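Residues per chain are reported as follows:
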Amino acid sequence: MQHFSRLCMLAAALLASSPASAAEPVPAVYARHCASCHGIDRLGGTGPALLPENLERLRKPEALKVIANGRAASQMMAFGDKLSAAEIQALTDFVYTPPASVPVWGLAEIKASRIENFKAGSLPDTPAFKADLLNLFVVVETGDHHATLLDGDSFKPIHRFQTRFALHGGPKFTPDGRYVYFASRDGWIAKFDIWNLKITHEIRAGINTRNLAVSGDGRYVIVGNYLPQTLVVLDAADLTPLKLIEAKDDTGKRSRVSAVYDAAPRKSFIAALKDVKEVWEIPYTDEHEPIFPGLVHDFRMAEALADKGPFPVRRIPLDDYLDDFYFDQPYQHLMGASREGGKGQVVNLDARIKVADLDIPGMPHLGSGITWDYQGRPVMATPNLKSGVISIIDMKNWKVIKRVETLGSGFFMRSHENTPYAWTDNFMSPAKDTLTIIDKRTLEVARNLTPEPGKTAAHVEFTRDGRYALVSIWEMDGALIVYDAATFKEVKRLPMSKPSGKYNVYNKTTRSAGTSH
Ligand code: DHE
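An unreviewed UniProt entry annotates the protein chain as Nitrite reductase (NO-forming) originating from Thiobacillus denitrificans.

Laid out in structure tokens, this is it:
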């Protein structure tokens with residue numbers, strides 16, 4: 001399938017290089033302009049699948065605008081200057097028409113796709129290299145679909161290896177930091193043994209995948225999919241599928257999965273649905289009991305509590321969809337927002353109800369949020385994909401206490417317990433070559449930093465001790481730049497192929513308040 005995707009891209013690129021004819025049939029227009037990202041068969045690639053069931057929340061007039069003007073907070077570019085109004089209309093009608101067939105991707109197909117390079121437990125238990133095993137970084141290089149394992153003390157690459165096509169989202173570590181799991185947008189999950197520098201297992205858990213989470217006890221991996229609309233639980237040891245959960249409400253209405261996360265202190269996974277106004281808690285231990293069983297406040301909850309598992313689904317009904325969300329450090333509250341909502345909501349996961357609204361208009365990127373203590377209170381900071389502002393929210397009363405203006409809308413944000421600064425990018429704006437550094441003590445901009453004029457700078461991660469900040473120059477001929485986090489001086493620069501995210505074993509496995517979880 002990886003080769004198939006590349007062939008599709010090649011075909012699309014070849015088509016794109018030939019001139020359009022006046023009365024070109026719509027599949028050819030689609031192949032020329034859309035297939036390289038959304039797949040020749042509309043099943044998704046670097047862009048999402050374009051099938052009627054995945055477009056339910058996007059009304060046709062909006063879809064016309066997206067094709068003409070592009071889509072905020074995504075790689076979807078504007079085609080208004082390349083396509084006529086009639087072509088845009090025809091393309092819209094085309095993607096809302098069911099295809100002749102959509103491949104079935106159930107447990108049988110998932111099982112059949114599994115690849116075992118090394119049996120679980122068969123590789124040595126001593127690392128093949130010398131380094132602080134907790135201060136390693138995994139850097140994803142999306143330019144040529146590779147990942148680099150980096151020593152976080154010497155900043156020397158230990159190993160570089162090929163990944164599946166178009167990884168997206170953070171790779172997730174086992175609690176001991178030995179294994180890391182990657183998800184590609186086209187559904188492949190890979191398990192990599194860091195100590196032995198080997199991919200041990202792979203499996204295709206979906207056709208168009210969102211992300212994965214690893215349970216806090218290291219026993220399970222869960223994958224959330226857009227297509228088919230499922231969650232798939234895998235055995236973390238060898239990626240054997242254990243359960244397929246269809247994402248749908250009690251009326252049978254199906255939904256894409258927005259994202260799934262591990263809520264380690266709760267010993268459960270939390271999954272948000274994109275087309276159904278519910279968030280799900282999926283306990284992964286047998287000990288788990290609903291914390292307030294007395295709060296069974298509607299029949300859906302009662303039904304959900306009747307699901308005895310394994311991996312039972314506890315549904316929490318919501319007022320709005322959840323496209324993006326963030327947890328407080330104890331995983332008691334979820335802060336969420338929909339793309340269109342104009343405001344966010346706070347859900348108490350114990351009481352299973354909404355407890356507050358969040359006054360964060362635009363498109364907050366809550367998934368990139370971080371927390372710290374400000375004047376004795378926990379605060380959460382989130383970038384906004386639609387405006388150049390960082391919203392700082394008091395997590396005791398859920399009020400926005402400050403809006404810090406940046407140079408433009410940003411995507412990622414990072415800090416560390418041992419630094420007084422929070423770093424964010426201006427990725428979605430003309431100032432995308434500049435990072436903005438905020439003083440966590442004053443909530444003021446401390447400085448702007450331009451690593452290389454004209455080149456996109458984004459996604460920061462700190463070393464285990466917080467002394468150094470690693471920044472991506474997010475370009476094909478890009479680089480990873482190491483900064484001294486106190487002086488903002490460049491310490492080292494490593495050439496890389498469009499490096500996107502970088503992930504520090506210690507910060508991730510200890511769930512540092514300054515990084516994504
Ligand atoms: Fe991401 C993480 C959703 C577009 C790069 N992105 C995530 C996560 C979600 C998400 C739910 C958390 C998953 C996890 O780590 O388990 N991303 C979305 C979108 O809905 C959106 C806006 C549209 C889409 O295409 O799906 C989107 N994301 C992008 C991009 O265009 C980016 C910049 C380039 C790319 O690779 O596609 C991008 N997303 C990333 C990265 C992370 C991520 C690098 C991991 C961040 C981290 O530090 O943990």
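Chemist: How do you make sense of the pattern of salt bridges when you look at a structure like this?
Modeler: Proximity of charged atoms lets side chains of opposite charge pair with each other. Taken as a whole, this structure holds 32 salt bridges when the rule is applied. Asp357 is the salt-bridge partner of Lys354, the closest N and O atoms lying 2.8 Å from each other. For Lys354, a relative accessible area of 34% puts it in the partly exposed group. Exposure remark for Asp357: the relative accessible area of 40% places this residue in the partly exposed category.

Chemist: Explain the sheet that holds strand β15 (residues 278-283) here, please?
Modeler: Remark on secondary structure: sheet strands pair via backbone hydrogen bonds, oriented parallel or antiparallel. Pairing is antiparallel in the open sheet, where 4 strands are placed in the order β13-β14-β15-β16. Each of the sheet's edge strands pairs with one partner strand only, and the pair in question is β13 (257-263) and β16 (314-317). With strand direction ignored, the average angle separating the axes of adjacent strands in the sheet is 20°. Pairing between β15 and β16: 4 bridges, direction antiparallel. Note that in β16 the partner of Glu281 across the bridge is Arg314.

Chemist: I keep staring at helix α5 (residues 85-95) and nothing clicks. Help me out?
Modeler: An α-helical turn contains 3.6 residues, so a residue and the one three or four places further along point in the same direction. For α5, the complete set of buried residues consists of Glu87, Ile88, Leu91, Thr92, Phe94 and Val95. Viewed along the axis of α5, the buried residues span an arc of 160°, placing them on a single side of the element. Exposed residues pointing more than 90 degrees away from the buried face of α5 are listed as Ala85 and Ala86.

Chemist: Where do I start with the sheet that holds strand β30 (residues 468-473) in this structure?
Modeler: The strand order across the open sheet built from 4 strands is β29-β30-β31-β32, with neighbouring strands paired in antiparallel fashion. Edge positions in the sheet fall to β29 (457-462) and β32 (490-496), since each of these pairs with one other strand and no more. Each neighbouring strand pair of the sheet contributes to a mean axis angle of 20°, computed without reference to strand direction. Sheet topology note: the β30/strand β31 (residues 478-484) ladder contains 6 bridges and is antiparallel. By the bridge assignment, Ala469 is partnered in β31 with Tyr483.

Chemist: Please explain helix α4 (residues 60-69) as it appears in this structure.
Modeler: Turning to α4, its buried residues number three or more, namely Ala63, Val66 and Ile67. The arc that holds the buried residues of α4, viewed along the axis, is 95°, so those residues lie on one side. Pointing more than 90 degrees away from the buried face of α4 are the exposed residues Pro61 and Asn69. Next to the buried residues of α4 lie α5. Where α4 terminates, the next one or two residues include Gly70, which has phi positive at roughly 90°.

Chemist: How do you make sense of the packing of α4 against α5 when you look at a structure like this?
Modeler: When two helices pack together, their arrangement is given by the angle between the helix axes and by the axis-to-axis distance. The N-to-C vectors of α4 and α5 enclose an angle of 125°; their axes lie 9 Å apart at closest approach. Considering the angle they form, α4 stands oblique to α5. Considering how the two elements wind past one another, α4 and α5 form a crossing that is right-handed. In this structure, α4 uses Lys60, Ala63, Leu64, Ile67 and Ala68 to contact α5, whose residues at the interface are Ile88, Gln89, Leu91, Thr92 and Asp93. Residues belonging to the contact of α4 with α5 are distributed by class as follows: 6 nonpolar, 2 polar and 2 charged.

Chemist: Looking at this structure, I do not really get the coordination of the iron atom of the ligand. What am I missing?
Modeler: In an ideal tetrahedron of four donors about a metal, each angle is 109.5 degrees. In an ideal octahedron of six donors, the angles are 90 or 180 degrees. The protein gives the iron atom of the ligand a lone donor atom, His168 (NE2), placed 2.2 Å from the metal. Secondary-structure assignment places His168 in the loop between β4 (157-162) and β5 (172-173).

Chemist: Can you walk me through the site of the ligand in this structure?
Modeler: Taken together, 22 residues sit near the ligand, with Gln75, His168, Lys172, Arg185 and Arg414 positioned nearest. Here an oxygen atom of the ligand and a side-chain polar atom of Gln75 are 2.6 Å apart. Counting residues per element, the ones that place at least two in the shell around the ligand are β9 (208-214), β13 and β33 (499-504). The class makeup of the residues in the shell around the ligand is 9 nonpolar, 9 polar and 4 charged.

Rules of the game
Residue positions are given per chain, counting from 1 as you read along its sequence in written order. In view of the model being predicted, local features appear only for residues whose pLDDT reaches at least 70, and side-chain atom pairs are presented and counted only at 80 or more, with totals across whole chains, interfaces and linings using the full set of residues. Note that the side-chain values use all heavy atoms of the structure and ignore hydrogens as well as water. Salt bridges are defined by distance alone: a side-chain nitrogen of Lys or Arg within 4 Å of a carboxyl oxygen of Asp or Glu. Think of it in three bands: residues with accessible area under 20% of the maximum for their type are buried, residues over 50% are exposed, and the middle band is partly exposed, with areas taken using a 1.4 Å probe on protein chains only. Here, any two strands with at least 2 DSSP bridges between them count as paired. Strands here mean DSSP runs of E at least two residues long; helices mean DSSP runs of H or I at least four residues long; both are numbered from the N terminus. To obtain an axis, a line is fitted to C-alpha atoms, over the contacting stretch when the element is a helix, and the angle between two such axes runs from 0 to 180 degrees between their N-to-C directions. In this description, one arc is meant: the one made by directions from the helix axis to the C-beta atoms. Only heavy atoms matter for contacts: two residues are in contact if any of them lie within 4.5 Å across the pair. Orientation categories follow fixed angle ranges, with anything under 35 degrees roughly parallel, anything over 145 roughly antiparallel, 65 to 115 roughly perpendicular, and all other angles oblique. Crossings are assigned a handedness: left-handed for a near helix turned anticlockwise from the far helix by less than a right angle, right-handed for a clockwise turn. Polar here means any residue other than Ala, Val, Leu, Ile, Met, Phe, Trp, Tyr, Cys and Pro, which are nonpolar, and Asp, Glu, Lys and Arg, which are charged; Gly is therefore polar. A donor here means an N, O or S atom no more than 2.8 Å from the metal, or no more than 3.2 Å when the metal is Na, K or Ca. Since water is not included, a site may seem to lack partners. The criterion for a residue being near a molecule or strand is simple. One of its heavy atoms has to lie within 4 Å of it. By the criterion applied in these results, polar contacts are pairs of N or O atoms within 3.5 Å in which, for protein atoms, one can donate a hydrogen and the other can accept it, and in which residues neighboring in sequence qualify only through two side-chain atoms.

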